[in-house]
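# Commentary on secondary and tertiary structure
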Amino acid sequence: MGYRVTLIPGDGIGPEVTAAARLVAEATGIPFEWDVVEAGEAAIKASGTPLPDAVLDSVRKNKIALKGPITTPIGGGFRSVNVALRQQLDLYASVRPSRSIAGEGTRFPETDLIVVREATEGLYSGVEHWVDRDHSAAETVNVITRKASDRICRFAFELVRRDHRRKVTAVHKANIMKTTGALFQTAFREMAMKYPDIPADERLIDNMCMQLVKKPAEYDVIVTTNLFGDILSDLCAGLAGGLGVAPGALYGETLAVFEPVHGSAPKYAGQDRADPVAEILCVELLLRHLGEKAAADRVFRAVWETIAEKKFVTYDLALPGYTDRPVPASSCSAMAKEIARKIPLVDPSAPLPRASGPSGGPMADPALET
Ligand code: NAD
């Protein structure tokens, strides 16, 4: 008997990147049984609804899922399946690590940040309406509760303690949002007093964006509300090399769903061009969650070496910034096969080569040093 895991391929590039991740997961030799369920466009075609009960039931039963991205129509149409899944399964902690892999594609080769985002409330409450009949004014309700703020802040401090991280920074806008922002800020301050051994500080969201692109090494674990976390995790993904390499995890009290930061990238759907790394690194996080550390280390190492070698990399990793010399872009499936091939061959205990910038060392920009 293997680990029974719900697999939600999603739509857009989702089926391609989840097939890649599955190939790599199976190459670890850890036995998996995949319970494949459809959500998003495929589910609408099959059952008329983007989030069938079978998906929720499967995750509740298996307690763990690997998920591809799912498209949300912009401006109208059905509500986000991703948001609904988080709310209905109470997956309250969205954890998005941004590590620079092979040190390339970034000004900041040493990037190592984790965004911990509250994922069930805030401006994603879904409580919104037009104020008048001619749709000239609208309101969205920013729901912040003490209970959800306490538990996401506790989650961040516990993560620092468990993973031996350095500090927690809370991000809010309590100067302007004097109720919702202040409630989150108070919850953070009171939680920080319960963890006196862990350094804690605060930033306003606007200042945090500037600080992160200027000196990301000063930050470590960032805890924040839903919308700010969504934006900051894309920013941090950009610091670490791009959306193609940014994995994520959603945790509830007993459930865990692993999904990349990126969306369904519709323009690349069905072309076998998308970068599979973010979804493959979701497998690494999933293996760590299962306690399969050795297999997780192998996955990370195989990804690292494949990116560093630049022989089998997708278009985004073959672009200037990732590489000084032009390299031909591989397909999504070819890159995944190469990572899977390397899994039994790599030595995860060997030190990783020193991170370097696109020109062989961290990119210096005197304007950024002030
Ligand atoms: P996106 O992340 O899909 O794409 C942003 C940019 O990054 C695009 O240029 C895209 O081509 C590129 N990109 C993304 N993933 C890539 C990959 N693996 N390899 C190479 N390039 C990649 O964001 P978007 O365009 O704003 O959103 C598209 C759809 O995805 C929307 O419907 C949105 O609602 C949805 N979305 C879903 C999730 C999720 O399922 N959790 C997250 C974000 C967005």
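What follows covers the pattern of salt bridges. If charged atoms from side chains of opposite charge come close, those side chains can pair. Going through the model one piece at a time under the given rule, you end up with 28 salt bridges. Between R146 and E190 there is a salt bridge, with the nearest N and O atoms lying 2.7 Å from each other. Within this pair, whereas R146 is found in helix α5 (residues 146-162), its partner E190 is found in helix α6 (residues 180-194), the two being separated by 44 residues in sequence. Its relative accessible area of 29% is what places R146 among the partly exposed residues. E190 sits in the partly exposed class, given a relative accessible area of 40%. A salt bridge links D197 to R161; the shortest N-O distance between them is 3.1 Å. Separated by 36 residues along the polypeptide, D197 in the loop between α6 and β9 (200-204) and R161 in helix α5 bring together distant segments of the chain. The exposure class of D197 is exposed, given its relative accessible area of 52%. Each of R99, E284, R288, K293 and D297 takes part in salt bridges that share partners, so that together they form one network.

Right, let's talk about empty space enclosed by the protein for a bit. Vacant regions in the atomic arrangement are exposed by a probe of water-molecule size rolled over the atoms. Evaluation of the coordinates by the stated rule reveals 2 cavities of 30 Å³ or more. Roughly 120 Å³ of internal volume is contained in the largest cavity. Considering the residues around the largest cavity, the lining is formed by 15 residues, among which N142, I144, M177, T225 and F228 are closest to the centre. Looking at the lining of the largest cavity, the elements that each hand over two or more residues are β8 (168-172), α6 and α8 (226-239). Of the voids in this model, the second largest cavity is the one considered here, and its volume is about 40 Å³. What lines the second largest cavity is P97, S98, R99, I101, A237, A240, G242, V245, A246, P247 and L281.

Right, let's get into the nonpolar core. Counting 71 residues, the largest nonpolar core has L66, V116, V223, F258 and V277 as its most contacted members. Of the domains in this structure, domain 1 (1-111 + 241-370) and domain 2 (123-239) are the two that each give at least three residues to this core. Contact partners of V223, with chain neighbours within four places excluded, come to V116, I152, C153, A156, V168, T169, A170, V171, F184 and F188.

All right, on to the sheet that holds strand β12 (residues 256-258) then. In space, the 10 strands of this open sheet follow the order β2-β1-β3-β12-β11-β4-β5-β10-β8-β9, with mixed pairing throughout. Both edges of this open sheet fall to β2 (32-36) and β9, since each of them pairs with a single strand only. Strand-to-strand twist in this sheet, taken as the mean axis angle between neighbours without regard to direction, amounts to 25 degrees. When strand β1 (residues 3-8) meets β2, the two strands line up parallel, connected through 5 bridges. Along β2, the bridge assignment pairs T6 with D35. In the packing of helix α9 (residues 277-289) onto the sheet, the strands contacted are β1, β2, β3 (64-67), β4 (93-99), β11 (249-251) and β12, and the crossing angle to β3 comes to about 170 degrees.

Close contacts around the ligand come from 21 residues, with I70, T72, G263, A265 and Y315 the closest. I70 places a polar main-chain atom, nitrogen or oxygen, 2.8 Å from an oxygen atom of the ligand. In isolation the ligand exposes 810 Å². Once the protein is present, 71% of that is buried. Residues belonging to the shell around the ligand are distributed by class as follows: 10 nonpolar, 6 polar and 5 charged.

Another point: helix α1 (residues 14-27). Between the first and last C-alpha of α1 there are 20 Å, a value that for 14 residues agrees with the 20 Å anticipated at 1.5 Å per step. Every buried residue of α1 is listed here: G14, E16, V17, T18, A20, A21, V24 and A25. Contacts made by the buried residues of α1 are with β1, β2, β3, α9, α10 (293-309) and α11 (332-342). G29 sits one or two residues past α1 and shows a positive phi near 85 degrees.

Take the pairing of β9 next. Pairing of β8 with β9 involves 5 bridges; the strand directions are parallel. Directly across from A170, in β9, lies its bridge partner E202. Once the chain exits β8 it traverses α6 before rejoining the sheet at β9, and the crossover so formed is right-handed.

Attention now moves to the packing of α9 against α10. Between α9 and α10, whose axes approach to 7 Å, the crossing angle comes to 160 degrees. Accordingly, the angle class assigned to the pair α9 and α10 is roughly antiparallel. As for how α9 packs across α10, the hand of that crossing is left-handed. Residues V277, I280, L281, E284, L287 and R288 of α9 pack against K293, A295, A296, D297, V299, F300, V303 and I307 of α10.

Basis of the calculations
Residues numbered from 1 in each chain as written. Predicted model: local features only at pLDDT ≥ 70, side-chain atom pairs only at ≥ 80, totals over all residues. Heavy atoms only, no water. Salt bridge = Lys/Arg side-chain N within 4 Å of Asp/Glu carboxyl O. Helix = DSSP H or I, 4+ residues; strand = E, 2+ residues; numbered from the N terminus. Buried < 20%, exposed > 50% of the residue type's maximum accessible area, 1.4 Å probe, protein only. 1 Å grid on protein atoms, 1.4 Å probe; cavity = no way out; pocket = protein on both sides within 12 Å on 5 of 7 lines; lining within 4 Å. Points joined across faces, edges and corners; volume = space filled by probe spheres on them. Core = buried A, V, L, I, M, F, W, Y, C linked by side-chain atoms within 4.5 Å. Domains from an automatic or database assignment. Contact = heavy atoms within 4.5 Å. Pairing = 2+ DSSP bridges. Axes fitted to C-alpha atoms, helices over the stretch in contact; angles between N-to-C directions. Near = heavy atom within 4 Å. Polar contact = N/O pair within 3.5 Å; in protein donor to acceptor, adjacent residues only side chain to side chain. Areas by Shrake-Rupley, 256 points an atom, 1.4 Å probe, with all protein chains shown as cover. Nonpolar A, V, L, I, M, F, W, Y, C, P; charged D, E, K, R; others polar. Expected span 1.5 Å × (residues − 1). Right-handed = clockwise from strand over helix to strand, strands pointing away. Parallel < 35°, antiparallel > 145°, perpendicular 65-115°, else oblique. Left-handed = near helix turned anticlockwise from the far one by under 90°.

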